[in-house]
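Summary of the model geometry
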Amino acid sequence: MIDTRRRGEPDLLLFVAVFALAGIGIAMSYSASAVMAYRIYGDSFFFLKKQVLWFIISLGALLAVQNIDYRNYAKYTKLMLLLSLILLVMVLVPGIGTGAKGSSRWLVFGPMRIQPSEFVKLAVVIYLVKIYSADASESHVMRLLIPMIVLATIFILVMMQPDFGTAIDLLFVSVFIMFVSGFPLLYMILLGVISVPMFYLLIYQVSYRWDRIISYLDPWHDRYGLGYHVIQSFTAFKKGGLIGTGLGFGTQKIARLPEPHTDFIFAVIAEETGLAGTVSIALLFCFVFWRGVQIALEAPDDFGRLLALGLSLLIIVQAFINMGVVTGSLPTTGIPLPFISYGGSSLLSSMIAAGILLNISRYRDAAYREVSFDEVWHNE
Amino acid sequence: MNKTLFRRRIYVTGLIFSVIMFFFTLRLFDLHFSDKIKLPETRPLDTGRGIITDRGGYILAMSIEQESLYANPEEIDDPDSAAVQLSQVTGIPVSAIKEKLLKKTKFVWIRRKLDDSMAESVRSLKLKGLHFLREYRRVYPYRELAANVLGFVGMDNKGLEGMEYRYNNLLSGRDEVVTDDISRKVYSKKNLRLTIDRYIQHVAEHELDSAMKTHGATQGAVIIMEVGTGRILAVAKRPGYDPNWYFRYDGRRISNFSIVDAFEPGSTLKLFSMASLLEYRPDALGRSYYCDGKVEVNGVVIKCLHKHGTLDIFGVIRESCNSGVIQSVKSLEKDEMYSTLKKFGFGEITGIELPGETGGILRPVSKWSGLSKYSISIGHEISVTSVQMAAAVGAIANGGVYVYPSIIESVERPDGTVIKGFYPRIKGRVMKYEHARTVTQMMRDVVKSGTGRRGESVYYEIAGKTGTSQKFIMAEGAYSDRNVSSFVGFAPWINPRICMVVVIDDPEDRVTGGASAAPLFARITDRVLPYMGAGSRSGHAGTVKSTSRLVYRSSGVMPDLRGMTVGQVSIVLRALEDTAGVKYYIKGSGRVYGQRPGPGSVVTKNGTILVYMR
């Protein structure tokens, strides 16, 4: 029998939301970086130009990815994992990986700088989704153990960069994927208990992490040292008030906020657009997540369901970690705000995630459309 | 995967994020509006201090950016080697650096305001934990010039002396906060333009230096005031100091003698006794007095320098005869004398814009003894400052109108807009015009043929009065044989341009004001008046004709172009081109510092004028 059903159009609402976030990102990262760019490069458009270029590349990637059948990814999970491991190891090799302030996060390819951990996140999510969407043929222990080993390896490699933010992001997303896939709660609690000593070591072993937690609890304890950035961020919110100082009119971004165009861009948004802006951005992320959940619920198979949810989680968990740090609700850790922060890798990987989500949305029942026999015959 | 379990858990996940979003929104409200979050008070940005210039715009004090080196000892791994390396570059002892590097802090100054080359060599050490901060350093390009007026600032750019101290808020902009073009709040610094002229100031200091050397004096001061406006053109004091290195000097060098130190004026005050006499007892003009070398009042004998014999009142002043003055003021009431001196500003501050001014001592009449009137009439039992004296003499030169002295030409914003311009502060008439002319005639006689003969100049006709007073030593309660020699006066005696007070404190050779201060007065006059374009008397080589900056269309005389900008110069020269057919060449850029022919000289028809700028 010839199948006369064809996949439908992608979810338009999700696309609009993502496009809006990326647009806001271009505007805000320009506003946040202009003064700095002028100081360093003598060209206030320096970062804007690069970001617009990355936006075009990312948009192209999104449009391409939403056309690729998501079921293909299930075939290549091992390859993607292997590639991820290689990239993560390469970053750590001195001379190949570059970074700033004692870190090593980027790989340089000609004029481009790639942050592999942004793409590793995607590979890990797809891998986990494949494992947990498959029917449980093995015991729970095995289904826990092997992914845990893989995850731990990647986790450690990311921590070695060090990129605590991405590692934590990955951890939360993984736990949520396991949870949603229907993994027994007992095992998950057990896993949590086992990992407590590991976290204890991770935090106490590295002195600055503990300092950051202290400064999170009381930023004014060391107001010119560790608490400085958080206080500058609070000041931005306070200055922003209800509707903000107006685009481009913020002053906190000038030499006061750390990384105003990347990790602390939410503070710039807070100052320049006020409560109206910050709540709108948070709601936009929630909207994206809601669309993702909707796509997950309507997806035709288990892999699609879990993948849609995993990718949505990837976006919203990262967004809330970033916004949590900027609002002083979480200890300081460097992680970009998806779609909005300046940075090519972050934008590209977020857009790819959105592209996959859009692709999954094309296979939901409601989206399918009947085509005439002629059209099918003609195409085949 | 169990579909119902999946759905249930998806809803739980959604719920978790709804709760997170709820609390996050609360947090946002809290951050945007709550007072619970303590906002650090924002301090406006410091952009350095304004400059201080002379009246021609030449910079006397300015701030330059320099780098200050500090360390964060927590970031330094090896304090020992760091200290050794730093010591080699900066020259600070190793132990001192090490002590700083071992402190338990995040911030410690190593050295502030380094030279650029030193900063560069420190940077090339590539040591961890060393950082630079941009700071402003105050620089006084003319070093000692007008140092006693300018004062200086401390390490934190706070004015500690002089104008820097008095106008600290204005210069540093602490009086006003503005928003700059990248919407930062900044202190709005102001520039200060003084009435001081760097050339006149230089002449005063230079000539004072050589006079001090000749007479071996411990201290000397010159103050020059523009007649009619009260502009202080120069305040010189020796020994001086270099404000760039102010910390190397003691307070005595740094203080401004002309403003803060009062001294017994001696004979120079006789001028004001005469002013009082003319005002209240004009008949004294016709009288004559006999001097036998001493005079007795209230049982006290006051000596005179010589037996002067019979003198009229002009002769009394010409010869500075104590006996004559005392006899002449016998008929004068104490109150009359007191009110005249008060009118001339003695006993109270002039209000000149310099810190630490004293008003000298002029006791009220109720506290005068029987002798006081006579003592004061010859300049004892009264103390005055140079600036008081200059202003008082200025009133005589000005035909009897007293103008308060002033040293601020304008207060300007960095872009040149004038916030507050100079305006003469006129007290009003303090003596009749004809009396002022009479006193001027007396002063002219002093220089022409009296005690001030050595103050006579070939080029200019000077009017003045000498003064010599014994120094009263407080500790001993008696007058010593050390003296203060002074000369006050103005020039030219008709249409005066400047009035000047010269004080030589404690000359080693114990000479009188006529011998030490008067020649100094003349030398300064000879150099300053041509510069100002004041016409000299004829009959000698290089006669200078009177010129004015504004009257440049007057035929045949070269105007004074110095200090002018290209725009100003070309207006003047184009006018000359039209009237005299001269050609002109301008060399360099900036402001005019030289011209050929010089100011006041004759412009030849179809000649060439050279103007040098820098």
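Residues numbered from 1 in each chain as written. Chains lettered and ligands numbered in written order. Predicted model: local features only at pLDDT ≥ 70, side-chain atom pairs only at ≥ 80, totals over all residues. Heavy atoms only, no water.

Helix and strand content of chain B: 19 helices and 23 strands. In chain B, 69% of the contacts between residues at least 6 apart in sequence involve partners at least 24 apart. Accessible surface, chain B: about 27200 Å² in total, of which carbon and sulfur atoms supply 53%. (Helix = DSSP H or I, 4+ residues; strand = E, 2+ residues; numbered from the N terminus. Contact = heavy atoms within 4.5 Å. Areas by Shrake-Rupley, 256 points an atom, 1.4 Å probe, with all protein chains shown as cover.)

What follows is about the overall build of chain A. Helices and strands together make up the secondary structure of chain A, namely 13 helices and five strands. When each of the 380 residues of chain A is scored for burial, the buried share is 54%. Restricting to contacts in chain A with at least 6 residues of sequence separation, those with at least 24 account for 72%. (Buried < 20%, exposed > 50% of the residue type's maximum accessible area, 1.4 Å probe, protein only.)

With 51 residues of chain A at the contact, the number on the chain B side is 34 residues. Summed over both partners, the interface of chain A with chain B comes to about 3700 Å²; 73% of that surface belongs to carbon and sulfur atoms. Linking chain A with chain B are seven residue pairs in polar contact (both at pLDDT 80 or more), by the criterion used here. Secondary structure elements with two or more residues in the side of chain A that touches chain B: helix H4 (116-133), helix H6 (164-180), helix H9 (228-240), helix H10 (265-298) and helix H11 (302-326) of chain A. Ranked by the residues each element gives to the side of chain A that touches chain B, the list is headed by H10(A), at 13 residues. (Buried area = accessible area lost by both parts, 1.4 Å probe. Polar contact = N/O pair within 3.5 Å; in protein donor to acceptor, adjacent residues only side chain to side chain.)

The subject of this paragraph is unusual backbone geometry. Cis geometry marks the peptide bond from Gln161(A) to Pro162(A), where omega comes out at -5 degrees. Along the chain, Pro162(A) turns up in the loop between helix H5 (140-159) and H6. Note that the residue after Ala491(B), namely Pro492(B), is joined by a cis bond; omega there is -15 degrees. Phi at Asn157(B) is positive, roughly 60 degrees, even though this residue is not glycine. With respect to the helices and strands, the residue Asn157(B) is situated in the loop between helix H5 (147-150) and helix H6 (162-166). The backbone of Asp506(B) shows a phi angle near 60 degrees, a positive value even though the residue is not glycine. Within the secondary structure layout, Asp506(B) lies in the loop between strand S20 (498-505) and helix H18 (513-532).

In this section: the packing of aromatic side chains. Tallying each qualifying case throughout the model produces 35 aromatic pairs over all chains. Ring plane angle 90 degrees and centroid distance 5.3 Å describe the contact between Phe46(A) and Phe47(A), whose orientation is recorded as edge-to-face. In this structure Phe47(A) comes out as buried when scored by relative accessible area, which is 9%. Their ring planes at 15 degrees and their centres at 6.2 Å tell us that Tyr70(A) and Phe303(A) sit as a pair that is stacked. Note that Tyr70(A) is positioned in the loop between helix H2 (46-65) and helix H3 (77-92) and Phe303(A) in helix H11, a separation of 233 residues in sequence. In this structure, Tyr70(A) and Phe303(A) share a single accessibility class: buried. Grouping aromatic residues by their ring pairs yields a cluster made of Phe176(A), Phe237(A), Phe266(A), Phe289(A), Phe320(A), Phe17(B) and Phe24(B). Above the ring of Phe132(B), the side-chain terminus of Arg123(B) is found at 4.5 Å from the ring centroid. (Phe/Tyr/Trp six-rings, centres within 6.5 Å; stacked < 30°, edge-to-face > 60°. Lys NZ or Arg CZ within 6 Å of the ring centre and 35° of its normal.)

Before going further, it helps to spend a moment on the pairing of strand S11 (residues 294-297) of chain B. Residue and element names in this part refer to chain B. Going residue by residue along S11, you find Val 295 and Val 297 tucked away on one face and Lys 294 and Glu 296 left uncovered on the opposite face. Bridge count for S11 against strand S12 (residues 300-303) is four bridges, and the pairing is antiparallel. Each bridged residue has a counterpart across the sheet, and for Glu 296 the counterpart in S12 is Val 301. Counting the residues in the hairpin turn of S11 and S12 gives two residues, including Asn 298, whose phi is positive at 50 degrees. (Pairing = 2+ DSSP bridges.)

Below, the discussion takes up the nonpolar core. Core analysis: the largest hydrophobic core is formed by 116 residues, its most contacted members being Phe285(A) and Leu307(A). Per-element accounting of this core gives the leading share, 19 residues, to H10(A). Every residue in contact with Leu307(A), bar those within four places of it in the chain, is listed here: Tyr70(A), Val125(A), Ile126(A), Val129(A), Ile356(A) and Ile360(A). Counting residues in hydrophobic clusters, the runner-up holds 97 residues, among them Leu278(B), Ile313(B), Ile407(B) and Val411(B). (Core = buried A, V, L, I, M, F, W, Y, C linked by side-chain atoms within 4.5 Å.)

What follows deals with the sheet that holds strand S23 (residues 608-613) of chain B. All names here are of chain B. One open sheet accounts for three strands, arranged S21-S23-S22; its pairing is mixed. A strand with exactly one partner marks an edge of an open sheet, and here the two such strands are strand S21 (583-587) and strand S22 (592-596). Across the sheet, the mean angle from the axis of one strand to that of its neighbour is 15 degrees, orientation sign disregarded. Summarising the sheet, S21 and S23 pair through five bridges and their orientation is parallel. Paired with Tyr 584 across the two strands is Ile 609, which belongs to S23. (Axes fitted to C-alpha atoms, helices over the stretch in contact; angles between N-to-C directions.)

Residues and elements named next belong to chain A. Taken in spatial order, the three strands make up an open sheet running S2-S3-S4, and their pairing is antiparallel. Pairing within the sheet leaves two strands with one partner each, and these edge strands are strand S2 (97-98) and strand S4 (112-114). Contacting S2 and strand S3 (106-109), H3 runs over the sheet at an angle of about 95 degrees to S3.

Moving on: the packing of H10(A) against helix H1 (residues 3-33) of chain B. The relative placement of two packed helices comes down to the angle between their axes together with the axis-to-axis distance. It is the contact of H10(A) with H1(B), at a shortest axis distance of 11 Å, that shows an interaxial angle of 175 degrees. One way to sum up the angle between H10(A) and H1(B) is to call them roughly antiparallel. When its residues are assigned to classes, the contact of H10(A) with H1(B) shows 20 nonpolar, six polar and one charged. (Parallel < 35°, antiparallel > 145°, perpendicular 65-115°, else oblique. Nonpolar A, V, L, I, M, F, W, Y, C, P; charged D, E, K, R; others polar.)

Next up on the list: the packing of H3(A) against H4(A). Residue and element names in this part refer to chain A. With their axes 9 Å apart at the nearest point, H3 and H4 run at an angle of 150 degrees to one another. In this view, H3 runs roughly antiparallel relative to H4, as classed from their interaxial angle. In this structure, the crossing between H3 and H4 has a hand that is left-handed. Judged by residue contacts, Thr 77, Met 80, Leu 81, Ser 84, Leu 87, Leu 88 and Val 91 of H3 engage Pro 116, Ser 117, Val 120, Ala 123, Ile 126, Tyr 127 and Lys 130 from H4. Along the lines of polarity and charge, the residues of the contact of H3 with H4 split into ten nonpolar, three polar and one charged. (Left-handed = near helix turned anticlockwise from the far one by under 90°.)

What follows deals with the pattern of salt bridges. Residues and elements named next belong to chain B. If you walk through the whole model with that rule in mind, you get 39 salt bridges over all chains. Across the pair Arg 238 and Glu 205 runs a salt bridge, and its minimum N-O distance is 3.1 Å. Note that Arg 238 is positioned in strand S9 (residues 232-238) and Glu 205 in helix H8 (residues 198-215), a separation of 33 residues in sequence. For Glu 205, a relative accessible area of 5% gives the class buried. With a closest N to O distance of 2.8 Å, Asp 209 and Arg 238 form a salt bridge. Of this pair, Asp 209 sits in helix H8 while Arg 238 sits in strand S9, and the two are 29 residues apart along the sequence. Given a relative accessible area of 7%, Arg 238 falls into the buried group. (Salt bridge = Lys/Arg side-chain N within 4 Å of Asp/Glu carboxyl O.)

With that settled, consider the pairing of strand S8 (residues 219-226) of chain B. All names here are of chain B. Counting buried residues along S8, eight of its eight residues qualify, which places the element largely inside the surrounding structure. Every second residue of S8 is oriented toward a common face, with Gln 219, Ala 221, Ile 223 and Met 225 on one face and Gly 220, Val 222, Ile 224 and Glu 226 on the other, all of them buried. Here eight bridges tie S8 to S20, and the two strands are oriented antiparallel to one another. Residue pairing in the sheet places Ile 224 in a bridge with Met 500 of S20. Relative to S9, S8 is paired through six bridges, and the arrangement is antiparallel. Each residue of the ladder has a partner; that of Ile 223, found in S9, is Val 235. Where S8 folds back on S9, the antiparallel hairpin that results is connected by five residues, among which Gly 228 adopts a positive phi of roughly 95 degrees.

This part is about the confidence of the model for chain B. Residues and elements named next belong to chain B. When the pLDDT values of chain B are averaged, the result is 86; 94% of them are 70 or greater. Per-element confidence in chain B ranges from a low mean pLDDT of 77 for helix H19 (residues 566-580) to a high of 95 for helix H16 (residues 386-397). Segment residues 548-554: pLDDT under 50, and nine contacts once partners within four positions in sequence are set aside and those in other chains are kept. Model confidence for the complex is summarised by a pTM of 0.63, with the ipTM given as 0.91. (pLDDT = per-residue confidence, 0-100.)

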